Amino acid sequence: MTVTTALLQLEHVSIALKKTPSRLLVNNVSFAIEAGKTTCVVGESGSGKSLTALSVMGLLSKQLQLITGKVLFNDGDAGVQDLTLLDAESLRKIRGAKIAMIFQEPMTSLNPVLTVGYQIGESLTTHLGLKGDALKIKIASLLEMVGIPPSRANSYPDELSGGQRQRVMIAMSIACEPRLLIADEPTTALDVTVQAQILKLLDALKTRMNMGMLFITHDFGVVADIADNVVVMFRGEIVEAGTKDQVLNNPQHPYTKALLACVPDAEGKKPLKPIDYAWLPENEVAQNVQVAL
Ligand SMILES: Nc1ncnc2c1ncn2[C@@H]1O[C@H](COP(=O)(O)OP(=O)(O)OP(=O)(O)O)[C@@H](O)[C@H]1O
Ligand SMILES: [Mg+2]
C-alpha cells in the first residue's frame, strides 16, 4: 500500500500521444498538494499544464495515453487511492463530488438550454441525493456565496455576464464541497476587477472548506495573490518547484528567472518583453514560438 499524507500526490506522471508514445508531452511530473493549500502551475503555452490537470481527473482525450505514473488521492472515506487504476464508474463518483474542475471557458462548459439553477443542482442530486425544497435552498445559498442573486437561478447562461457565468461554474464546482479543486486558467478571460473578486472568493472557499487547489495560470500576479506553492513547467517537465516565496523571490532555474523578468511592474516602468531563451542551446530556441506573458 502506498503511504502519503498529501491530499494529492502525482508521482512520475508521463503522457504521450498513443501514436507517438516515445515523444512525451508530460515528462516525469511529480508534486503534491496538501489540504487547505494552493499549488499554482505556471509555464508557457503548450508546456503540459492542462494535460497534467486532466490526468488527475482521468479526462485525457482518447488520442492520449498515460505512459507512467501514479495519481494518489486521499479520498477521506476510502483512504489513499491511485486514480489511474480506478474504473470509469468509480472515477465518475469521485469527479464532481470529491474532485471538481473549473475550465477556462465557461460558455463551453455550461449547457445553453438549461437554467443555471438546474445545472448547479445536477451534481447535488447525483452525488448527495438532494431534491425538492432542500435542493432549492442549497442552490440559492451557493449562488449567494458566489455573489449572484438567488433569483438568477432561473436564468439561462446567455442571460448572464461572462463574470457571472464563471461564478456559476465556481458554484457548480464547489456544490458538493470537493476536497480538491482544479482550476485551469479560470480567470484569464475576465476583466481585472472580476478576476480579483473570483480569486478572493476561491481563496476564501479554500480556507473555509479546507480544500486543496491546483490552480493553472500564466499570470504571476495571480500566483503572488493565491499560491502557497508553485510548480514551473517547461516543455512537459517541471523545471522548478517550491514555496511561493522561494520561486518568486529566489528563482533558481533560468526559465523561471526569464519568466519572472517578463512580468511588467505595477508602475509600468519596466516594458513588456518576450521571454529570454538565451540559456537554451542555440538549436532549441526556434521551437519556442509561443510567449506566455
Ligand atoms: N488531444 C491532443 N492531441 C494532440 N496533442 C495534444 C492534445 N492535447 C494536448 N496536446 C499537446 O500537448 C502539449 C501540452 O498541452 P497542454 O494543453 O497541456 O498545454 P498547456 O500548458 O495547458 O498550454 P496552454 O497554456 O496553451 O493552455 C502541447 O504541445 C499540445 O499541443
Ligand atoms: Mg492549458
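As the structure is a computational prediction, the values presented were derived from the model and not from experiment. (Residues numbered from 1 in each chain as written. Chains lettered and ligands numbered in written order. Predicted model: local features only at pLDDT ≥ 70, side-chain atom pairs only at ≥ 80, totals over all residues.)

## Here we look at the overall build of the chain
Note the cut-off: For the purposes of this entry, the term helix denotes a DSSP run of H or I that reaches at least four residues, the term strand denotes a run of E that reaches at least two, and both are numbered from the N terminus. Any residue surrounded by 20 or more other C-beta atoms within 10 Å of its C-beta is treated as buried, while 12 or fewer makes it exposed and the intermediate range makes it partly exposed; C-beta atoms here are placed from the backbone.
When you go through the chain residue by residue, the secondary structure sums to ten helices and ten strands. For the chain, buried positions account for 36% of its 293 residues.

## Details of the sheet that holds strand E2 (residues 24–33)
In plain terms, the rule: Whether two strands pair comes down to DSSP finding at least two bridges between them. Lines fitted to the C-alpha atoms define the axes, with helices restricted to the stretch that makes contact. Angles between their N-to-C directions range from 0 to 180 degrees.
The strand order E2-E1-E4-E5 describes an open sheet built from four strands, whose pairing is antiparallel. Edge positions in the sheet fall to E2 and strand E5 (80–82), since each has one partner strand and no second. Pairwise comparison of adjacent strand axes, ignoring direction, gives a mean angle of 10 degrees for this sheet. By the bridge criterion, eight bridges tie strand E1 (residues 8–17) to strand E4 (residues 64–74) in an arrangement that is antiparallel. For Ala 16, the partnering residue across the bridge sits in E4 and is Gln 65.

## Focus on helix H5 (residues 132–145)
The line we're drawing: The span one expects for a helix is its residue count, reduced by one, times 1.5 Å. Each C-beta atom gives one direction from the helix axis, and the arc is the one those directions make. Think of it this way: build a C-beta for each residue from its backbone, and any pair within 7 Å is a contact.
Under the 1.5 Å per step criterion, the end-to-end length of H5 is 20 Å for 14 residues, consistent within 8% with the ideal 20 Å. Among all positions in H5, only Ile 139, Leu 142 and Leu 143 are buried. Seen from one end, H5 has its buried residues packed into an arc of 100 degrees, which puts them on one side. In H5, those exposed residues whose orientation departs by more than 90 degrees from the buried face are Asp 133, Ala 134, Ile 137, Ser 141 and Glu 144. Next to the buried residues of H5 lie helix H4 (116–128) and helix H6 (162–174). Two residues or fewer after H5 comes Gly 147, characterised by a positive phi angle close to 80 degrees.

## Here's the deal with the nonpolar core
Which entries qualify depends on this criterion: The nonpolar core criterion groups buried Ala, Val, Leu, Ile, Met, Phe, Trp, Tyr and Cys residues into a set whenever they are joined through C-beta atoms within 7 Å.
Ranked by size, the top nonpolar core spans 67 residues in total, and within it Ala 171, Leu 180, Val 230 and Val 232 carry the most contacts. Excluding its chain neighbours within four sequence positions, the residues that come into contact with Val 232 are Val 42, Gly 43, Ile 238, Val 239, Glu 240, Ala 241, Val 247, His 253, Tyr 255 and Thr 256.

## Some remarks on the pairing of E2
Looking at chain direction, E1 and E2 are connected through six bridges and run antiparallel. By the bridge assignment for E2, Gln 9 is matched with Ala 32. Connecting E1 to the next strand, E2, in antiparallel fashion are six residues.

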